[in-house]
Amino acid sequence: MTDSDNGKPLDETPPTDSAEAEAKAKEEAAAKAKAAKAKALAEAEAAKEPWERDPSTPSWEEVEDSLLVDSLRAAHADAVLSARSFAGDLVLEIDSQSIREVCRSLKEEHGYKLFVDSCGAHFDNREEKELEVVYILHNLETNDQVRLKVRVDVGVEVPSVAKVYAGANWAERETYDMYGIRFTDHPDMTRILLWEGFNGHPLLKDFPVEGIDTGAAIYPETYTDNAGPVAGTGTGWRPPAPPEEKTSQSAPESSGEES
Amino acid sequence: MTDIETTAPQPSETLLGVEEMELNFGPQHPATHGVLRLKVKLDGERIVDCYPIIGYLHRGTEKLFELHPFFQNVPHTDRMDYVAAATNNLAYVGAVEKLIGIIVPPRARYIRTILAELQRISSHLLWLATHAIDIGAMTPFFYTFREREHVLDLFEDYCGARLTLNCMRPGGQPFDLPVGWTEKCAEFIESFPENIAEYEGLLTNNRIWKKRTVGVGVLDPDVALDYGVTGPMLRGSGIDWDLRKARPYEAYSEVEFDVPVFFNCDTYDRYLVRMEEMRQSVRILRQCLDQLPDGPIMAKKPRVLKAPKEGEVYYGVEGPKGEIGFYIIGDGSPNPYRCRVRPPSFLNLQVLPEMIRGDLLADLIAVIGTTDIVLGEVDR
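Residues numbered from 1 in each chain as written. Chains lettered and ligands numbered in written order. Predicted model: local features only at pLDDT ≥ 70, side-chain atom pairs only at ≥ 80, totals over all residues.

S.K.: Got a sec to walk through the nonpolar core? Specific residues and values, please.
M.R.: In this structure, L137 of chain A together with A95, V96, A224, F326 and I328 of chain B are the most contacted members of the largest nonpolar core, which totals 153 residues. The greatest single-element share of this core, amounting to 15 residues, is contributed by helix 5 (residues 106–135) of chain B. Not counting residues within four places of it along the chain, the set of residues in contact with F326 of chain B comprises A91, Y92, A95, Y315, C339 and V341 of chain B. (Core = buried A, V, L, I, M, F, W, Y, C linked by C-beta atoms within 7 Å. Buried ≥ 20, exposed ≤ 12 C-beta atoms within 10 Å, placed from the backbone. Helix = DSSP H or I, 4+ residues; strand = E, 2+ residues; numbered from the N terminus. Contact = placed C-beta atoms within 7 Å.)

S.K.: So what about the sheet that holds strand 3 (residues 46–53) of chain B? Which residues, and what values?
M.R.: Residues and elements named next belong to chain B. Reading across from one edge, 1-2-3 is the order of the three strands in this open sheet, with antiparallel pairing throughout. In this open sheet, the two strands that pair with only one neighbour each are strand 1 (21–25) and strand 3. Pairs of neighbouring strands in the sheet enclose a mean axial angle of 20 degrees, with direction left out of account. The pairing of strand 1 with strand 2 (residues 37–43) spans five bridges and is classified as antiparallel. Residue pairing for strand 2: L23 is matched across the bridge by V40. (Pairing = 2+ DSSP bridges. Axes fitted to C-alpha atoms, helices over the stretch in contact; angles between N-to-C directions.)

S.K.: Which residues make up the packing of helix 4 (residues 85–100) of chain B against helix 5 of chain B, and what values do they have?
M.R.: All names here are of chain B. Look at helix 4 against helix 5: their axes get within 7 Å of each other, and the N-to-C directions meet at 140 degrees. Judged by the angle between their axes, helix 4 and helix 5 are oblique. Of the residues in helix 5, those in contact with A86, T87 and L90 of helix 4 are R112, L115, A116 and Q119. In the contact of helix 4 with helix 5, the residues fall into four nonpolar, two polar and one charged. (Parallel < 35°, antiparallel > 145°, perpendicular 65-115°, else oblique. Nonpolar A, V, L, I, M, F, W, Y, C, P; charged D, E, K, R; others polar.)

S.K.: So what's going on with the confidence of the model for chain B? Which residues, and what values?
M.R.: Do not read the predicted coordinates in detail wherever pLDDT is low. Residues and elements named next belong to chain B. When pLDDT is averaged along chain B, the result is 87, and 95% of the positions lie at 70 or above. For chain B, the element scoring lowest by mean pLDDT is helix 1 (residues 3–7), at 52; strand 5 (residues 323–330) scores highest, at 92. Scoring of the predicted complex yields 0.82 for pTM and 0.85 for ipTM. (pLDDT = per-residue confidence, 0-100.)

S.K.: Would you mind going over helix 6 (residues 139–159) of chain B in detail, with residue names and values included?
M.R.: Note: α-helices contain 3.6 residues per turn, so residues at a spacing of three or four share the same orientation. Residue and element names in this part refer to chain B. Its 21 residues give helix 6 an end-to-end C-alpha distance of 31 Å, which sits within 8% of 30 Å, the value for a rise of 1.5 Å per residue. Every buried residue of helix 6 is listed here: P140, T144, E147, R148, H150, V151, L154, F155, Y158 and C159. Check the buried side of helix 6 and you find it contacts helix 5 and helix 7 (181–203). Positive backbone phi, at 90 degrees, marks G160, one or two positions downstream of helix 6. (Expected span 1.5 Å × (residues − 1).)

S.K.: Account for unusual backbone geometry, naming residues and giving values.
M.R.: Note: most residues except glycine have negative phi, and most peptide bonds are trans. All names here are of chain B. Within the chain, D372 stands out as a residue other than glycine whose phi angle is a positive 55 degrees. Secondary-structure assignment places D372 in the loop between helix 15 (361–371) and helix 16 (375–379). Unlike most non-glycine residues, R380 shows phi in positive territory, near 50 degrees. Structurally, R380 is set in the segment after helix 16.

S.K.: Any chance you could break down the pairing of strand 6 (residues 338–342) of chain B for me, citing the residues and the numbers?
M.R.: All names here are of chain B. The element strand 6 is extensively covered by neighbouring structure, given that five of its five residues are classed as buried. Both faces of strand 6 are covered, namely the face carrying R338, R340 and R342 and the face carrying C339 and V341. Of the strand pairs in this sheet, strand 5 and strand 6 are connected by five bridges, and their pairing is antiparallel. Within the sheet, the bridge partner assigned to G325 lies in strand 6 and is R342.

Listed below in structure tokens is the structure:
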């Protein structure tokens, strides 16, 4: 109601020539003021402290003049698929079958002696090579860090790096535990955080957050087979479905009463 | 090397017909500092091999990270290493800030440094107390918990919580320091060096303490690097590596401190590293309080933080136990697409069999204590 009341007097005033000119002048003045304001804003933005500005999100950059990448490419033909950097982190994509050799030469020739971390990642929207294994290595002398990425299809084994970096042993076991990526020549390819009989790999994107029916194997008398949620039925919490058996039993009874 | 070593029977001297025995240690043993289970293979009292079994405290934190926006994930990080929540927060918010490109105002950086160093002191105090109890020295427990209480009081005054602090946000600090807090903190750091001297008076030249720790759990520097061991464990093995110096973050480039390094690679040297680190923390705290700048405590940032459409960062900080890092992949949504924790305890625990092989069973307790693990972080 109030909106229409406010609008009425404006609509009723008839447009005259003087009013049109006035409007034009107003518009020009407004544009000028806007430009001046934008300029002032840009100046003020530049004068601001870095924490008062909008965040400047980093982006991917191709790495071209890196000695490390060049020497790796020379030593291992076709092993380095891409070399990019994001927010200052050097990321190399490595062919899955040559990861161990690349790690070995990084350790022995380039001084990347500290094993920082290794983990997996799952990109279910990709058509092929959904799974990734990531290795982070550090050179203590030059203080450089490098991140190696390996992309593989589901079910493809990756050569284990555990013989090069002993620390990769548990990290690869965890990657296997969480993503189901197996590593060839791994000294102990078993689950590490979850129990031996666990069904599924929980960090896969299609693994339901509410868990899966693992109770059946432990307490068969309490949980029948397939009693819990099943892997691959989506993520997120879902309200419990009404028990199916009851409705199917009660439905014919009620329909019988009605007829 | 020590009397224990020379008097104990060497494996070659053992009687014929004596079989190796497998012993299950944990997961409910108080000396395992949580729910760690070790399968220990023994030849008499000498450890032939040891196989750690973990996962009893697995809570799927990395899956939970994917379900919540960047802001709501900070409390999850408190519950990983629950005796050093502030440094976990620091690593996580640092990774988010690096991913989104936020620059934190100086006052917030200083407050973060103060909190992280207080956390280092409190974590080391807890370590000292439990390590000493494991070895049989009861008294340091009462002394260290007296001072730890002061640190926890400081945390409580700042954010209301004592352990699970949730005291940092991506972009800055949630609260400014309360009135009178800096004076209280200054009081604490004024008296604390005397307390460190007290602990050292009890232990450093103590004959029993030395017999239980010198030459026990030797960790070769190359082995340590190979296994990704970081923190006081690495510095006790003679490698001068500290992320606060190597890749300065927050206010560490603006303060002076030394990185203690000891070269005997044994339990005793790791003890010395941690004692010296507490002194250095006091130094850092004193400088931070003196230089504490005024100004805002929160950077300009959008209400809902969104990761770049494609992008991933790794960001690590020097926690009390080693390098705690976060590897975050963004997909343009307000939630991390993947958030991996690099837990220092996980990688430090992995080297335990290397350190204990050939030592006596009683030394196992000392070596578990010296690795300073928190199972909440190992299992996540």
